Amino acid sequence: MDKPVFLVAGASSGMGRATALRLGRQGANVVISSRREDACDAVAEQIIADGGAASARAFDGTDPGSAADLIGWIGDQYGKLDGAFNNLGDTVGEGPLHEMPLDRWHASMAVNLNAVFYLMRAQIPLMLENGGGAIVNNSSTGGLRGTRGLSDYSAAKWGLIGLTKSAAIEYAAGGLRINAIAPGIIETEKFTELEKGLPELFDKLRAETPIGRFGAIDEIAKTACWLLQDAPAYLNGTVIPVDGARTA
């Protein structure tokens with residue numbers, strides 16, 4: 001039986017990297033992609049060294065042509081795409097809405113919402129050609145409730161959930177499962193650096209999390225891999241918070 005082909009976009013570090021490594025251990029053929037070509041190569045090499053199958057392909061998520069080229073390359077190389085973890089997004093500034101520079105707003109929409117739209121626009125036809133597939137979009141608990149000082153990020157992540165749900169309705173009959181996850185505070189590399197400078201704030205946030213701790217990167221990877229591979233077909237068009245009950 002052919003190995004399933006999964007794309008992890010934004011796989012050079014953090015949640016994307018952990019998901020890619022896990023998919024590789026589970027026997028998938030993993031396409032590693034992000035802006036950082038060297039980091040993508042390193043993740044692919046690690047999967048191969050661990051006995052898995054992987055390839056790396058750099059792309060710029062904010063460029064629709066780059067996203068289309070990436071999916072076209074996957075089609076040429078593998079002839080199919082069974083699933084994708086669209087793990088794209090970042091905070092590009094902080095401050096109240098009325099003081100927000102327009103370039104910050106546009107940059108936030110570009111990386112947190114537009115980039116996933118560009119990928120899905122290219123991914124869906126390739127999946128439909130082969131009878132369906134699974135897409136998991138990485139939103140945020142910021143897409144489930146307002147976030148002080150990050151209204152641009154929150155708006156984009158809410159939009160990503162709307163995009164996910166709408167696409168699920170449109171393509172469910174074609175065999176596509178399209179869901180989103182909404183991570184809470186996850187201990188990524190970027191998180192660790194931020195905590196060093198703001199220990200009191202992070203202690204407060206930790207105390208406010210019902211489970212009593214922040215999330216581990218692998219908890220996101222486990223959820224994403226389950227949604228891509230083992231989740232029931234009837235689970236479609238939903239968003240799953242992975243947040244230690246912060247938004248419960």
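Please refer to the structure placed before this passage.
From a predicted model like this one, the values you see are computed outputs, not experimental measurements.

A word on empty space enclosed by the protein
Now for step 1: One pass over the full model with this rule turns up one cavity of 30 Å³ or more.
Now for step 2: Its volume calculated, the largest cavity comes out at about 30 Å³.
Now for step 3: Every residue lining the largest cavity is listed: Gly 184, Ile 185, Thr 209, Arg 213, Phe 214, Gly 215, Asp 243 and Arg 246.
Now for step 4: Its residues assigned to classes, the lining of the largest cavity comprises two nonpolar, three polar and three charged.

Comments concerning the pairing of strand E2 (residues 29-33)
Now for step 1: By the criterion of burial, E2 is predominantly enclosed, with five of the five residues buried.
Now for step 2: Judged by which residues are buried, E2 turns out to be covered on both faces: Asn 29, Val 31 and Ser 33 on one side and Val 30 and Ile 32 on the other are all buried.
Now for step 3: Pairing of strand E1 (residues 5-9) with E2 involves five bridges; the strand directions are parallel. Paired with Val 8 across the strands is Ile 32, a residue of E2.

Things to note about the packing of aromatic side chains
Now for step 1: Summed over the entire model, instances satisfying the criterion amount to five aromatic pairs.
Now for step 2: Summarising the aromatic geometry, the rings of Phe 117 and Tyr 118 are spaced 5.9 Å apart at their centres and angled 55° between planes, so their arrangement reads as tilted.
Now for step 3: Residue classification places Phe 117 among the partly exposed positions, given a relative accessible area of 38%.
Now for step 4: Note on Phe 202 and Phe 214: the rings are 6.3 Å apart at their centroids and 85° apart in plane angle, and the pair reads as edge-to-face. Of this pair, Phe 202 sits in helix H7 (residues 199-208) while Phe 214 sits in the loop between H7 and helix H8 (217-229); the two residues are twelve residues apart in sequence, bridging distant segments of the chain.

A short note on helix H4 (residues 102-129)
Now for step 1: Look at H4: 40 Å from first C-alpha to last across 28 residues, which is about the 40 Å you get at 1.5 Å a residue.
Now for step 2: Residue Ala 110 marks the point of greatest curvature in H4, where the axis turns by about 40°.
Now for step 3: Positioned one or two residues after H4, Gly 131 has a phi angle of 90°, which is positive.

Here we look at the pattern of salt bridges
Now for step 1: Inspection of the entire model under this criterion finds ten salt bridges.
Now for step 2: Close ionic contact of Arg 22 with Asp 218 constitutes a salt bridge, the shortest N to O distance being 3.4 Å. Here the residue Arg 22 occupies a position in helix H1 (residues 14-25), and Asp 218 occupies one in helix H8, the gap between them amounting to 196 residues.
Now for step 3: Measuring nitrogen to oxygen at the nearest pair gives 3.2 Å for the salt bridge that ties Asp 60 to Arg 35.

Quick look at the sheet that holds E1
Now for step 1: Read across the sheet, seven strands follow the order E3-E2-E1-E4-E5-E6-E7 without closing on themselves; strand pairing throughout is parallel. The open sheet terminates on both sides in strands that have one partner only, identified here as strand E3 (53-56) and strand E7 (239-242). Taken pair by pair, the neighbouring strands of this sheet meet at an average axis angle of 20°, ignoring direction.
Now for step 2: Taken together, the four bridges between E1 and strand E4 (residues 83-86) define a ladder with parallel strand orientation.

Cut-offs and rules
- Residues numbered from 1 in each chain as written.
- Predicted model: local features only at pLDDT ≥ 70, side-chain atom pairs only at ≥ 80, totals over all residues.
- Heavy atoms only, no water.
- 1 Å grid on protein atoms, 1.4 Å probe; cavity = no way out; pocket = protein on both sides within 12 Å on 5 of 7 lines; lining within 4 Å.
- Points joined across faces, edges and corners; volume = space filled by probe spheres on them.
- Nonpolar A, V, L, I, M, F, W, Y, C, P; charged D, E, K, R; others polar.
- Buried < 20%, exposed > 50% of the residue type's maximum accessible area, 1.4 Å probe, protein only.
- Helix = DSSP H or I, 4+ residues; strand = E, 2+ residues; numbered from the N terminus.
- Pairing = 2+ DSSP bridges.
- Phe/Tyr/Trp six-rings, centres within 6.5 Å; stacked < 30°, edge-to-face > 60°.
- Expected span 1.5 Å × (residues − 1).
- Bend = angle between axes of the 7 residues up to and from the residue.
- Salt bridge = Lys/Arg side-chain N within 4 Å of Asp/Glu carboxyl O.
- Axes fitted to C-alpha atoms, helices over the stretch in contact; angles between N-to-C directions.

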